Amino acid sequence: FFYDFDQHKENKTILIIGNGLLYNHFLSFLKLNIDFFKKNGYKITYKLHPIEIPGWETRYKELKELNDSERIKVITDQCSMAILIKKSEFVIGVNSTSIYESLDSGCKVIILDLQSSEYFDDLINSNIVKKKNPLIPISIIDLDFTHRKTIRFFDPSNKELIKTVL
């Protein structure tokens, strides 16, 4: 999946992986913590799930306002998830294959304690990812951890083969 895994992360970058069913919880978490993130120099990217993209600007007015005011950057389909993950230091989500891809890419992962977060209990219990109550403000302590190497969830890519098709 990540054929140039060696690319360096951009410091203080947070990728939030959207989830249409839990949008209101994600928005509440973002609104609760956006001032903290900005005050501490974090750049926030919110990647909409493909199902959320059609009509998002009308349906997600508050998210659009945050995007328009440049407090966050909302990504629809103009950039691949792989590129966003490769650049991000932190990834925040709930239930997505992209969580595993983020771990393979060396991201620090925070799972919001919402419906379906239990799928990551084994990683939480092994201290590979952190679980965060989305109703409690985030702190520097929550962000103070290092990525723990683990087994790769996806087979490593054959870089030379991939370069021939690019």
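Look up: the structure comes first, before these words.
Residues numbered from 1 in each chain as written. Predicted model: local features only at pLDDT ≥ 70, side-chain atom pairs only at ≥ 80, totals over all residues. Heavy atoms only, no water.

Details of the overall build of the protein chain
- Helix and strand content of the protein chain: 8 helices and 6 strands.
- The secondary structure elements of the protein chain, listed N-terminal to C-terminal, are β-α-β-α-α-β-α-β-α-β-α-β-α-α.
- The burial tally for the protein chain puts 45% of its 166 residues in the buried class.
- Here the contacts in the protein chain between residues at least 6 apart in sequence split such that 62% fall between residues at least 24 apart.
- Approximately 9,200 Å² of the protein chain is accessible, and the part contributed by carbon and sulfur atoms is 52%. (Helix = DSSP H or I, 4+ residues; strand = E, 2+ residues; numbered from the N terminus. Buried < 20%, exposed > 50% of the residue type's maximum accessible area, 1.4 Å probe, protein only. Contact = heavy atoms within 4.5 Å. Areas by Shrake-Rupley, 256 points an atom, 1.4 Å probe, with all protein chains shown as cover.)

Digging into unusual backbone geometry
- Unusually for a residue other than glycine, K12 sits at a positive phi of about 60 degrees.
- Not every positive phi belongs to a glycine, and S116 is a case in point at roughly 80 degrees.
- With respect to the secondary-structure elements, S116 resides in the loop between β5 (108–112) and α6 (121–125).
- Residue S116 is classed as buried on the basis of its relative accessible area, which comes to 13%.

A few points about the packing of aromatic side chains
- Summed over all chains, the structure comprises 8 aromatic pairs.
- Sitting over the face of the ring of Y42, K12 holds its NZ or CZ atom 5.2 Å from the ring centroid.
- For the cation-ring pair, R59 lies above Y60, with the distance from its terminal atom to the ring centre recorded as 4.9 Å. (Phe/Tyr/Trp six-rings, centres within 6.5 Å; stacked < 30°, edge-to-face > 60°. Lys NZ or Arg CZ within 6 Å of the ring centre and 35° of its normal.)

Quick word on the environment of N95
- As for its position among the elements, N95 is in the loop between β4 (90–93) and α5 (97–104).
- Residue class for N95 comes out partly exposed when judged on its relative accessible area of 36%.
- Remark: the alpha-carbon pair of N95 and G18, spanning 77 residues in sequence, is separated by 9.5 Å.
- Ignoring anything within four residues of it in the chain, the contact list for N95 reads N19, S116, Y119 and F120.

Remarks on the pattern of salt bridges
- One pass over the full model with this rule turns up 7 salt bridges.
- A salt bridge links E62 to K31; its shortest N-O distance comes to 2.7 Å. With E62 in helix α3 (residues 61–68) and K31 in helix α1 (residues 23–39), this pair connects stretches of sequence that are 31 residues apart.
- Judged by its relative accessible area of 45%, K31 is partly exposed.
- D121 is the partner of K131 in a salt bridge, and the nearest nitrogen-oxygen pair spans 3.4 Å. With a gap of 10 residues between them, K131 in strand β6 (residues 130–132) and D121 in helix α6 connect regions that are remote in the sequence.
- Classification of K131 by relative accessible area gives partly exposed; the value is 35%.
- Salt bridges here are not isolated pairs; linked through shared partners, they connect D113, D121 and K131. (Salt bridge = Lys/Arg side-chain N within 4 Å of Asp/Glu carboxyl O.)

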